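# Observations on chain architecture
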Amino acid sequence: MLSSGDCRDSGRLGRRGPETRGDYGGRQPAGLRVRQIRPAARSYENEVQRCNPGASVLLVADETITIIDNRTGERSDIPIVNGGIAASSWRKALPDVLFTDPAFMSTAACESSVTYLDGDEGILRYRGYPIEQLAEHSTYLEVAYLLLHGELPTAEQNEVWIHDITYHTFIHENVRKRFLEGFHYDAHPMGMLVSAVAALSTFYLDAKDIHDSDSRMKQIVRLIAKMPTLAAAAHRFSVGMPFVYPDNSLSFPANFLSMMWKVAEPQFVTDPALVRALDVLFILHADHEQNCSTTAMRTVGSAHADPYSACAAAAAALYGPRHGGANEAVIRMLNEIGSLDNVDDYIAAVKQGKGRLQGFGHRVYKSYDPRATIIKEIADQVFAVTGKNPLLDIALKLEEVALSDDYFISRRLYPNVDFYSGLIYQAMGFPIEMFPVLFAIPRTAGWMAHWAELLEQDAKIVRPRQLYVGHDKRDYVPVDQRS
Ligand code: ACO
């Protein structure tokens, strides 16, 4: 389980021992100077200490912002820590002024040591490990352990972890019979998954013990383990096929494929290249910092809801076409384009504001999405087994045209992870309705890592403010007097 030190030990904020403010023990890092703390800095330090008991703040000379309230002439210095400034310090200096940032474009909503992302440089690291190395050498379950515990498992820890996940893959029969099979025959599997995950909270009443670290880890294992079972059950129901029970002799991705596709054979067997491709896709989707669904997870988790309810909220956010539904939208778009001859017209229509190029653009990545580079290699490996997806040529042409067009260049719009993931999933036989579900399975590890982290941080309940722009006070008008 995460230790309370996890979130504090890895960043520049919170260096402990001799490397704390004013106590470098003669080992002051080059380029850093410790200065006398000014009043604003001290109040910031107090704030950090309150939120992170035991943490200490490393202040760097001149890394302050000075604000002057032109209404009063009052001046305040606010320290920059870890590349951020505490809005609470600004509020003290400007008590009647709120910050407006509706989509959190410029707001760090929390401190986190789970995932590092640099959108300009195209860098993604889980707990410090580059995504390229994890995709090449690791497995999804090992990555899930890393995200949750902060370190790669030893061989022994890995064995226990795989065993624990494998032996929690079964779902209560009533989850399948009463909930999943209660849906309308054409229900979207993502809607089924969101509901089924929320329903799990009614089966595991100990999930409410969120302050008990053993109970927390038990729910985390259950969620990671049961997600593929729920996902496959949703698919089997939607195509009228009988439910396939988990096969504990198979790996995590192979078991999922078995639950999806097994018919009457004693054991499901598939090409190892497809199993590995799915595992790498799971690694690539396991976490992505404070994205929309993780923010939903942290928001609901901050209210101390049980993890199943919070996870259902995160999955609901992932359902949206601007987020986890994007790869589904990509396939629909490629089908709509239909032929190479129509690519130029489609791009022209997008430039006129008639829709968006699905799978292009990202809130954070502004040079390239490192996951998209890896996924293109996976696509080649999968197509070598399954045969080329006929939509691939349209996708490649679309990418080529867009990447040389000033509209997309000037707005720094590049293919994101979902531009190619849908083509791979489709080639592997997954119906497009399953695409967001395939995203939710691995992202559960990331959601859980953030949930555990926020509880370790004893984070306050999320409660943003607003700028009220409605009516001033007015008196109630009885219905017969309204015009
Ligand atoms: N196609 C065409 N134009 C686009 C696209 C696109 N895919 N994305 C952004 N733009 C344009 C906007 O129209 C806007 O142009 P303007 O300045 O002339 O008005 C400009 O680029 C900036 O767009 P925003 O919407 O402000 O960018 P934002 O960072 O809010 O949006 C998002 C990011 C939602 C991912 C957006 O790029 C998008 O809708 N992409 C398509 C959907 C998609 O692929 N989503 C998957 C994201 S990755 C994931 O969740 C795993």
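An account of the accompanying structure is given in this report. Worth saying up front: this structure is predicted, and the values here are computed from it rather than measured.

Okay, the packing of helix 19 (residues 417-427) against helix 20 (residues 435-456) next. Interhelical geometry of helix 19 versus helix 20 gives an angle of 105 degrees and a closest axis separation of 10 Å. The angle between the axes of helix 19 and helix 20 places the two elements in the roughly perpendicular class. Counting all contacts with helix 19, which are made through Asp418, Gly422, Tyr425 and Gln426, the residues of helix 20 involved are Phe435, Leu438 and Phe439.

Moving on, we get to the layout of surface pockets. Approximately 180 Å³ is the volume attributed to the second largest pocket. Surrounding the second largest pocket, Glu132, Ala135, Glu136, Arg276, Val280, Thr373, Ile374, Glu377, Ile378 and Gln381 form its lining. Elements supplying a minimum of two residues to the lining of the second largest pocket: helix 4 (131-137), helix 11 (272-284) and helix 16 (370-386). Element by element, the count of residues in the lining of the second largest pocket is highest for helix 16, at five residues. For the lining of the second largest pocket, the per-class residue count stands at four nonpolar, two polar and four charged.

On to empty space enclosed by the protein. Scanning the entire structure with this criterion turns up four cavities of 30 Å³ or more. Counted as a void, the largest cavity has a volume near 50 Å³. Lining the largest cavity are Leu141, Thr166, Thr169, Asp247, Asn248, Leu250, Ser251, Phe252 and Asn255. Residues belonging to the lining of the largest cavity are distributed by class as follows: three nonpolar, five polar and one charged.

A word on the sheet that holds strand 4 (residues 123-126). Strand order in the open sheet formed by three strands is 3-4-5, with antiparallel pairing between adjacent strands. Strand pairing shows two members of the sheet lacking a second neighbour, strand 3 (115-118) and strand 5 (129-130), which therefore form its edges. The sheet contact formed by strand 3 and strand 4 spans four bridges and is antiparallel. Bridge pairing links leucine 117 to leucine 124 in strand 4.

Let's shift gears to the site of the ligand. In the vicinity of the ligand there are 19 residues, among which Arg356, Leu357, Gly359, Phe360 and Arg363 approach most closely. In this structure, an oxygen atom belonging to the ligand sits 3.0 Å away from a side-chain N or O atom of histidine 323. For the ligand, an oxygen atom lies 3.0 Å from a polar atom in the side chain of arginine 411. Relative to its unbound accessible area of 920 Å², the ligand is 73% covered by the protein chains. For the shell around the ligand, the per-class residue count stands at eight nonpolar, six polar and five charged.

Once that is clear, we can look at the packing of aromatic side chains. Enumeration over the complete set of coordinates arrives at 18 aromatic pairs. Relative to phenylalanine 99, the ring of tryptophan 90 has its centre 5.6 Å away and its plane inclined at 80 degrees; by these criteria the two rings are edge-to-face. Aromatic ring contacts, followed pair by pair, group Tyr140, Phe252, Phe256, Trp261, Phe282, Tyr425, Phe430 and Phe435 into a single cluster. Sitting over the ring of tyrosine 407, arginine 411 keeps its end group 3.8 Å from the ring centre.

Another aspect to go through is the pairing of strand 1 (residues 64-69). Examined bridge by bridge, strand 1 and strand 2 (residues 74-79) share six bridges and lie antiparallel to one another. Among the inter-strand pairings, isoleucine 65 is bridged to a residue of strand 2, identified as isoleucine 78. Where strand 1 hands over to strand 2, the hairpin turn is made up of four residues, of which glycine 73 adopts a positive phi near 80 degrees.

On to the pattern of salt bridges. On inspection of all chains with the given rule, the structure shows 20 salt bridges. Taking the shortest distance from any N to any O, the salt bridge between aspartate 96 and arginine 71 comes out at 3.4 Å. Here arginine 71 lies in the loop between strand 1 and strand 2 and aspartate 96 lies in the loop between helix 3 (87-93) and strand 3, a separation of 25 residues in the sequence. Judged by its relative accessible area of 58%, aspartate 96 is exposed. Since its relative accessible area comes to 55%, arginine 71 is described here as exposed. Here aspartate 393 makes a salt bridge to lysine 388, at a shortest N to O gap of 3.1 Å.

Conventions adopted
- Residues numbered from 1 in each chain as written.
- Predicted model: local features only at pLDDT ≥ 70, side-chain atom pairs only at ≥ 80, totals over all residues.
- Heavy atoms only, no water.
- Axes fitted to C-alpha atoms, helices over the stretch in contact; angles between N-to-C directions.
- Helix = DSSP H or I, 4+ residues; strand = E, 2+ residues; numbered from the N terminus.
- Parallel < 35°, antiparallel > 145°, perpendicular 65-115°, else oblique.
- Contact = heavy atoms within 4.5 Å.
- 1 Å grid on protein atoms, 1.4 Å probe; cavity = no way out; pocket = protein on both sides within 12 Å on 5 of 7 lines; lining within 4 Å.
- Points joined across faces, edges and corners; volume = space filled by probe spheres on them.
- Nonpolar A, V, L, I, M, F, W, Y, C, P; charged D, E, K, R; others polar.
- Pairing = 2+ DSSP bridges.
- Near = heavy atom within 4 Å.
- Polar contact = N/O pair within 3.5 Å; in protein donor to acceptor, adjacent residues only side chain to side chain.
- Areas by Shrake-Rupley, 256 points an atom, 1.4 Å probe, with all protein chains shown as cover.
- Phe/Tyr/Trp six-rings, centres within 6.5 Å; stacked < 30°, edge-to-face > 60°.
- Lys NZ or Arg CZ within 6 Å of the ring centre and 35° of its normal.
- Salt bridge = Lys/Arg side-chain N within 4 Å of Asp/Glu carboxyl O.
- Buried < 20%, exposed > 50% of the residue type's maximum accessible area, 1.4 Å probe, protein only.

That is the geometry; function is a separate question.
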